[in-house]
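A structural walkthrough
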Amino acid sequence: MEVILNNTRYYSPLDQLICSVDDSKVFDKLDLFIKKNKGKHIVCFISYELKNHIEKLESSNLDEIHFPLLFCFVPGKIQVNYDFPKTKEENQHIHFHARESKPSYIDTINQIKNHIQKGDFYETNYCYEWWTECLNFKSKTIYNKLISITEPPYCVYADLENHQILCASPELFIKKKGNKLISKPIKGTQKRSTNNLEDEALIQALKNNPKERAENIMIVDLVRNDFSKICLPESVNVEELCKVYTFKNIHQMISTVSCEVSDSISLSSILKATFPMGSMTGAPKIEVLKTMEKLEKTKRGLYSGSIGVIQPNGDFDFNVIIRTLLYNKRNNILSFHVGGAITNESDPEKEYEETLVKAQALFDACN
């Protein structure tokens with residue numbers, strides 16, 4: 001078992017915690033595990049279904065990846081400045097199938113807009129799955145391609161007992177440094193162009209797009225509200241609002257929100273206040289969580305969850321699991337989800353095209 005986060009390799013586990021999706025004591029077990037291993041590195045995988053243990057929610061949709069609710073381990077060995085091995089295997093040509101057709105997707109977006117117009121909520125994130133059965137999955141070859149295509153700030157390769165995870169996420173969920181918490185929600189996506197003038201025009205179009213800005217600002221407000229539940233008085237701060245960042249394959253609109261917390265705050269308390277992250281839910285959060293469970297065709301599982309490392313001093317850094325391939329070694333199912341923010345201004349056709357822009361790097365890595 002090994003996990004590589006950016007250029008650090010964690011392996012040879014000394015201790016681990018696995019919680020199933022119906023484990024009602026997950027937060028107690030997490031706090032106890034962290035306390036037991038204080039002063040050590042702890043690698044954590046948090047499933048989106050943790051939401052069901054924060055709010056009174058249920059999930060009954062299809063799930064063929066079957067990742068645990070929570071998986072944490074203490075590595076016995078850590079290798080920094082690790083160079084991921086280059087492979088000489090031939091490329092695989094993997095064909096994915098969408099769990100939802102384009103007409104069905106468009107119909108669902110129109111249903112969501114009806115909810116918005118009735119006042120049930122004002123923004124949500126709707127996701128759907130692409131999947132295939134894949135024998136002899138060449139995970140290292142595909143991971144190298146995926147990272148080369150995207151060059152993300154939060155890349156993860158995990159080879160676990162029953163799963164492999166290839167993550168090329170551009171998004172930070174939450175980071176703790178001393179008494180400071182930082183979140184960098186993404187809302188707003190634009191394709192790139194190989195022509196410099198066209199690419200700059202695409203940046204400006206995203207930066208000045210009123211719909212994308214409105215989506216981003218709504219989620220910033222949600223993050224501010226989440227932070228207000230646990231922060232020290234008057235410490236919530238929006239450090240950046242709607243700034244466009246350029247990645248190798250895509251442009252993204254990102255904001256930065258921070259706050260100060262007490263020395264004694266636990267990871268469980270932070271997760272209960274902030275998880276799932278606003279960029280993957282919408283607002284008001286509980287109402288959209290309930291509605292998306294009814295409208296989405298599959299469980300998100302690890303997608304929309306988080307992977308991160310708790311440092312020996314208690315600091316941590318957790319990503320948002322998007323742009324991620326998930327593989328179940330037992331049933332050979334390979335899958336990924338894509339999604340996007342839906343508001344009353346959403347054009348269903350354009351929303352569908354945006355999901356394909358987000359999926360393109362994953363398609364390319366698998367071919």
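As shown above, the structure is provided for reference.
Residues numbered from 1 in each chain as written. Predicted model: local features only at pLDDT ≥ 70, side-chain atom pairs only at ≥ 80, totals over all residues. Heavy atoms only, no water.

**As for unusual backbone geometry**
With an omega dihedral of -5 degrees, the bond running from Phe275 to Pro276 counts as a cis peptide bond. Locating Pro276 in the fold gives a position in the loop between helix H6 (267-274) and strand E14 (282-283). The peptide bond linking Ala283 to Pro284 adopts the cis configuration, its omega dihedral lying at -10 degrees. Tracing the backbone shows Pro284 in the loop between E14 and helix H7 (285-295). Phi at Asn6 takes a positive value of approximately 55 degrees, unusual for a residue other than glycine. Classification of Asn6 as partly exposed rests on a relative accessible area of 33%. Here Asn332, not a glycine, exhibits a phi torsion of approximately 65 degrees, which is positive. Note on placement: Asn332 falls in the loop between strand E17 (324-328) and strand E18 (333-342). (Helix = DSSP H or I, 4+ residues; strand = E, 2+ residues; numbered from the N terminus. Buried < 20%, exposed > 50% of the residue type's maximum accessible area, 1.4 Å probe, protein only.)

**Topic: the packing of aromatic side chains**
All told, the structure shown has 19 aromatic pairs when counted by the stated rule. A centroid spacing of 5.8 Å and a plane angle of 55 degrees characterise the contact between Tyr105 and Tyr126, whose relative ring orientation is tilted. With Tyr105 in helix H2 (residues 102-117) and Tyr126 in strand E6 (residues 123-133), this residue pair connects regions lying 21 residues apart in the sequence. Taking NZ or CZ as reference, Arg9 lies 3.9 Å from the ring centre of Tyr11, over its face. The positively charged end of Lys272 is found above the aromatic ring belonging to Phe27, 4.9 Å away from the centroid. (Phe/Tyr/Trp six-rings, centres within 6.5 Å; stacked < 30°, edge-to-face > 60°. Lys NZ or Arg CZ within 6 Å of the ring centre and 35° of its normal.)

**Overview of the pattern of salt bridges**
Tallying each qualifying case throughout the model produces 22 salt bridges. Note that Glu239 and Lys180 form a salt bridge whose closest N and O atoms lie 2.9 Å from each other. With Glu239 in strand E12 (residues 237-246) and Lys180 in strand E10 (residues 180-184), this residue pair connects regions lying 59 residues apart in the sequence. As a salt-bridge pair, Glu296 and Arg300 come within 2.7 Å of each other at their nearest N and O atoms. The class for Glu296 is buried, based on a relative accessible area of 6%. Taking the relative accessible area as the measure of exposure, Arg300 reaches 3% and is therefore buried. Each of Glu49, Lys51 and Glu293 takes part in a single network of salt bridges with overlapping partners. (Salt bridge = Lys/Arg side-chain N within 4 Å of Asp/Glu carboxyl O.)

**Quick word on the layout of surface pockets**
Its boundaries defined by the atoms lining it, the largest pocket holds a volume of some 450 Å³. As for the largest pocket, its lining consists of 23 residues, of which Ile34, Lys38, Ile265, Asn313 and Gly314 are closest to the centre. Elements represented by at least two residues in the lining of the largest pocket include exactly helix H1 (26-36) and H6. The biggest single contributor to the lining of the largest pocket is H1, with 3 residues. Split by residue class, the lining of the largest pocket holds 8 nonpolar, 9 polar and 6 charged. Considering only enclosed or pocket space, the second largest pocket measures out at about 380 Å³ in volume. What lines the second largest pocket is a set of 16 residues, and nearest its centre among them are Thr189, Asn209, Glu212, Lys350 and Glu354. Looking at the lining of the second largest pocket, the element that brings in the most residues is helix H8 (residues 348-365), giving 5 residues. (1 Å grid on protein atoms, 1.4 Å probe; cavity = no way out; pocket = protein on both sides within 12 Å on 5 of 7 lines; lining within 4 Å. Points joined across faces, edges and corners; volume = space filled by probe spheres on them. Nonpolar A, V, L, I, M, F, W, Y, C, P; charged D, E, K, R; others polar.)

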